[in-house]
Amino acid sequence: QVQLAESGGGLVQTGGSLRLSCAASGRSFSTSAMGWFRQAPGNEREFVATIGWSDSNTFYTDSVKGRFTISRDNAKNTVYLQMNNLKPEDTAAYYCAATRSRAGQLPTIRNAYAFWGQGTQVTVSS
């Protein structure tokens, strides 16, 4: 069973930066696609970014392209989300997610992910 733990959220001003981290417990981390989702009050949980388990290909939702970067360090069983030039509309609880081992890469839908963290809050003040 994979367990995920997010960290790095906080309060920043518009234009600021944060780096979120997600530590995974499973031994199959290197063969699991990883994703970041976010959920603001009153909204559904939406896809933000994903990174594959083969060649570490990445994909982002349009609203964060050029500002956010997802990366992974398999030696540390950790995935990161570097967030730059933050905007108030980025305010949300951010969730880390992992697919089952050797599942399809670069998934963007919630059902593709079998394991989820508890979330970390990101608040961007105007």
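See the structure above.
Cut-offs used in this document
- Numbering of residues starts from 1 in each chain and follows the order in which that chain's sequence is written.
- For this predicted model, a pLDDT threshold of at least 70 governs which residues receive local features, and a threshold of 80 or more governs which side-chain atom pairs are given and counted, while totals over whole chains, interfaces and linings are taken from all residues.
- Excluding hydrogens and water, the side-chain figures rest on all heavy atoms present in the structure.
- A 1.4 Å probe that fits into a set of points on a 1 Å grid over the protein atoms alone but cannot get out defines a cavity; an open set with protein on both sides within 12 Å along at least five of seven lines defines a pocket, and lining residues are those with an atom within 4 Å of a point.
- Grid points are joined across faces, edges and corners, and a volume is the space filled by probe spheres set on the points.
- For this classification, Asp, Glu, Lys and Arg are treated as charged, while Ala, Val, Leu, Ile, Met, Phe, Trp, Tyr, Cys and Pro are nonpolar and the rest, including Gly, are polar.
- Here, nonpolar core refers to any group of buried Ala, Val, Leu, Ile, Met, Phe, Trp, Tyr and Cys residues whose side-chain atoms link them within 4.5 Å.
- Note on exposure labels: buried denotes an accessible area under 20% of the residue type's maximum, exposed denotes more than 50%, and partly exposed covers the range between, all computed with a 1.4 Å probe on protein chains only.
- Segments assigned H or I by DSSP are reported as helices when at least four residues long, segments assigned E as strands when at least two residues long, and all are numbered from the N terminus.
- Contact criterion: two residues are considered in contact whenever any of their non-hydrogen atoms come within 4.5 Å of each other.
- The disulfide criterion is simple: two cysteine sulfur atoms within 2.5 Å.

### A look at empty space enclosed by the protein
Inference 1: Under the counting rule described, the total for this entry stands at one cavity of 30 Å³ or more.
Inference 2: When its volume is computed, the largest cavity comes out at roughly 50 Å³.
Inference 3: For the largest cavity, the full set of lining residues is Val2, Leu4, Ala24, Gly26, Ser28, Phe29, Ser32, Met34, Ala98 and Thr99.
Inference 4: Tallied by class, residues from the lining of the largest cavity come to six nonpolar, four polar and no charged.

### Here's the deal with the nonpolar core
Inference 1: One finds Met34, Trp36, Val79, Leu81, Met83 and Tyr94 to be the most contacted residues of the largest nonpolar core, which totals 27 residues.
Inference 2: When residues of this core are traced back to their parent elements, those giving at least two are strand 3 (18-24), strand 4 (34-39), strand 5 (46-51), strand 7 (68-73), strand 8 (78-83), strand 9 (92-98) and strand 11 (120-125).
Inference 3: Filtering out sequence-adjacent residues up to four positions away, Met83 remains in contact with Gly16, Ser17, Leu18, Leu20, Arg67, Phe68, Tyr94 and Val122.

### Observations regarding the state of the cysteines
Inference 1: One pass over the full model with this rule turns up one disulfide.
Inference 2: Paired through a disulfide, Cys22 and Cys96 show a sulfur-sulfur distance of 2.0 Å. Handedness here is read from the sign of the S-S torsion; for Cys22 and Cys96, about -80°, the answer is left-handed. Residue Cys22 is found in strand 3, and its partner Cys96 is found in strand 9; the two are separated by 74 residues along the sequence. You'll find Cys22 and Cys96 in the same group, each marked buried.

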